[in-house]
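Inside the fold
Listed below are the residues making up each chain.
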Amino acid sequence: MSLVSAQSALLVLADGTTYRGWSFGASGTVIGEVVFNTGMTGYQEVLTDPSYLGQIVTFTYPELGNTGVNPEDEESQRPQVRGAIARNICARPSNWRSTQSLSDYLKHHHIPGIYGIDTRALTRKIRTVGAMNGAISTEILDPAELRSRVEQAPSMAGLNLVKEVTTQTMYEWSEPTDRVWEFSPSLASSEAAKPGYTVVAIDFGIKRNILRRLASYGCRVIVVPANTSAEEILKYNPDGIFLSNGPGDPAAVTEGVTTTRELLKANKPVFGICMGHQILGLSLGAETFKLKFGHRGLNQPAGLKQRQVEITSQNHGFAINPESLSDGVEITHLNLNDQTVAGLKHKSLPFFSVQYHPEASPGPHDADYLFEQFIQQMEQAKRL
Ligand SMILES: NC(=O)CC[C@H](N)C(=O)O
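For the structure given in this document, a descriptive report is provided here.

Basis of the calculations
- Residues numbered from 1 in each chain as written.
- Predicted model: local features only at pLDDT ≥ 70, side-chain atom pairs only at ≥ 80, totals over all residues.
- Heavy atoms only, no water.
- Pairing = 2+ DSSP bridges.
- Helix = DSSP H or I, 4+ residues; strand = E, 2+ residues; numbered from the N terminus.
- Axes fitted to C-alpha atoms, helices over the stretch in contact; angles between N-to-C directions.
- Contact = heavy atoms within 4.5 Å.
- Phe/Tyr/Trp six-rings, centres within 6.5 Å; stacked < 30°, edge-to-face > 60°.
- Buried < 20%, exposed > 50% of the residue type's maximum accessible area, 1.4 Å probe, protein only.

1. Section: the sheet that holds strand E18 (residues 341-346)
Here we have 10 strands laid out as an open sheet, ordered E10-E12-E11-E13-E14-E19-E18-E17-E15-E16, and mixed in their pairing. Edge positions in the open sheet fall to strand E10 (171-173) and strand E16 (310-320), since each of these has one partner strand only. Between one strand and the next, the sheet's axes are offset by a mean angle of 25 degrees, whatever the strand orientation. In terms of strand pairing, E18 meets strand E19 (residues 351-354) through three bridges, oriented antiparallel. Of the residues in E19, the one forming a bridge with Lys345 is Phe352. Against the sheet, helix H7 (residues 208-216) makes contact with E10, strand E12 (220-225), strand E13 (240-243) and strand E14 (270-273), and its axis sits at roughly 60 degrees relative to E10, the strand it touches most.

Written out as structure tokens, the structure is:
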């Protein structure tokens, strides 16, 4: 295990703000949208969530790497962030599941990180100015030169990144949440009758824990590439259709929107998470917009009509414009921090979606009931 280096590294934002720190993970230069995540746990799940593709993630939790990394906590087959920013790095992980240090892991995957950064100041900056592009480098230590590279990079608005993360071929997923970790009383306590519904999941950059939760609730999940046509999807004769999370600007994923619009005509239950929620909204005629700095963390309150507020895991930079929703669509949840749309459903058809992550990983389990809701909708649709 290599200790974290004292090699100098530079972080420059598009507005010229410069931070000096030290390198961890790989050496090199990366450019991406600099965002922040306020979660206190789950850095490995964040790093491997495909929705972060193209982004440099600032972790506000003050020390990263304490529990190392392990093969089970991967949300996809590799880390997807472009770079990582930390206040401090733990060089000697201590956890029974750890197989590698965070720094070695990122080095192995050629992902640079910078530590020694005043992440509180950086986060305040992003909150004030808004998320913007930035660069981390161990090679270009002149801020003006690094900034000129940042200026050449495209902005996140308008970017379709789905083709970079979607599966190339269809596959079936059957692995449920490990029994040791199962938290749902109904699933943990008994050999609950498994409904055996077939769900086709459109992969815009799907997280493994979504697949695990669907499998835990007894679904046979067929995961298909994002460019699969509605006709091909319906050939699987699914009981329900799932629209996954994913990176980039949802409005740029026009193929996904067209396919979803086509699929809605079949009136089968549809459940969308995060980008899936945005794509459902877009296919129902709504518009999306870019938030100033997004919501990324594990304690975002969501609620509206329900008596209980859900504390939710979130990771998004875009949201649905409520003014653009048609009369047939109802807002079910708002993000209670800024009143943006966090959930919607069709008033008469079995389509619903949430902007947050009921599968958590990392995060609280308050919203896991939404998977059950999807199952119930499939049950009802079968009875009709
Ligand atoms: N987690 C996600 O699916 C994110 C959706 C979209 N890329 C956004 O940033 O809003």
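2. Some thoughts on the sheet that holds strand E9 (residues 132-137)
In space, the seven strands of this closed barrel follow the order E1-E2-E8-E6-E4-E3-E9, with mixed pairing throughout. Ignoring strand direction, the axes of neighbouring strands in this sheet form an average angle of 35 degrees. Where strand E6 (residues 83-86) and strand E8 (residues 112-115) come together, three bridges link them in parallel fashion. Bridge pairing links Ile85 to Ile114 in E8. Here helix H4 (residues 143-152) sits on the sheet in contact with strand E1 (8-13), strand E2 (18-25), strand E3 (29-37) and E9, set at roughly 50 degrees to E1.

3. Some remarks on the packing of aromatic side chains
Under the definition given, this model contains nine aromatic pairs. Taking 5.4 Å as the distance between ring centres and 50 degrees as the angle between the ring planes, the aromatic pair formed by Phe271 and Phe374 counts as tilted. Residue Phe271 is found in strand E14, and its partner Phe374 is found in helix H11 (residues 369-383); the two are separated by 103 residues along the sequence. Exposure remark for Phe271: the relative accessible area of 0% places this residue in the buried category. Exposure remark for Phe374: the relative accessible area of 0% places this residue in the buried category. Three or more aromatic residues joined by ring pairs form one cluster here, namely Tyr217, Phe242, Phe271, Phe352, Phe371 and Phe374.

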